[in-house]
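# Reading the structure
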Amino acid sequence: MLRTLILLTVLITATAGPALANEVRCPASLTVQAQPEAPGGWSPYPAKDQHAFAGVTLVEGDRASQMAAPAPAALEPDRSLRRGRSEIRQWDFPAARRDNVFLICRYAGTQATLAIDLPRTVRRCQITEETDARGMVLDKPAATAQFLCR
């Protein structure tokens with residue numbers, strides 16, 4: 001019995017590893033080093049600010065050139081569905097996509113972002129965000145947006 005349990009645990013661990021390796025999630029928060037610019041006579045004191053995950057942008061093309069642009073050209077979702085007080089947006093990617101797709105993670109209260117190229121094995125990205133009664137995504141939701149690419 002113990003031998004079967006150990007074998008089952010090893011099998012689950014071995015099969016779970018590759019699936020998790022193909023998942024891409026934005027970090028739940030971002031720490032930003034704030035360096036104030038002090039006018040003459042003042043002494044600046046830096047601080048670290050913590051910012052909660054706020055949303056995503058998916059962009060097709062070269063990450064370096066797109067991020068150097070004033071506003072990267074965001075991909076529109078392939079599907080959008082409202083369920084009660086939430087909106088689910090989904091992007092689907094073909095198995096043989098030619099262009100690079102990268103993810104920009106946005107955080108509340110800062111213009112700082114994180115970006116990562118999506119592995120070519122990623123086929124779908126989905127975000128679920130809280131909305132108001134009219135279906136507008138909330139700027140300050142009670143619950144953090146849920147996001148996953150796989």
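Below: a short report on this structure. (Residues numbered from 1 in each chain as written. Predicted model: local features only at pLDDT ≥ 70, side-chain atom pairs only at ≥ 80, totals over all residues. Heavy atoms only, no water.)

## Things to note about the packing of aromatic side chains
Per the counting criterion, the structure on display carries one aromatic pair. Between Phe53 and Tyr107, the ring centres sit 6.1 Å apart and the planes meet at 75°, which makes this aromatic pair edge-to-face. Here Phe53 is found in strand β2 (residues 47-60), whereas its partner Tyr107 is found in strand β5 (residues 101-107), with 54 residues between them in sequence. When sorted by exposure, Phe53 lands in the same class as Tyr107, which is buried. Between Arg97 and the ring centre of Phe93, over which it is positioned, the NZ or CZ distance is 5.4 Å. (Phe/Tyr/Trp six-rings, centres within 6.5 Å; stacked < 30°, edge-to-face > 60°. Helix = DSSP H or I, 4+ residues; strand = E, 2+ residues; numbered from the N terminus. Buried < 20%, exposed > 50% of the residue type's maximum accessible area, 1.4 Å probe, protein only. Lys NZ or Arg CZ within 6 Å of the ring centre and 35° of its normal.)

## Structural notes on the pattern of salt bridges
The full count for this structure, using the stated rule, is six salt bridges. A salt bridge links Glu129 to Arg89, with the nearest nitrogen and oxygen atoms 2.5 Å apart. Here Glu129, found in strand β7 (residues 124-130), pairs with Arg89, found in strand β4 (residues 86-92); they are 40 residues apart in sequence, far enough to count as distant. Both residues of the pair, Glu129 and Arg89, belong to the buried class. In this structure, Asp92 and Arg124 form a salt bridge, with 2.8 Å as the shortest nitrogen-oxygen distance. Here Arg124 lies in strand β7 and Asp92 lies in strand β4, a separation of 32 residues in the sequence. Looking at Arg124, the relative accessible area reads 39%, which means it is partly exposed. (Salt bridge = Lys/Arg side-chain N within 4 Å of Asp/Glu carboxyl O.)

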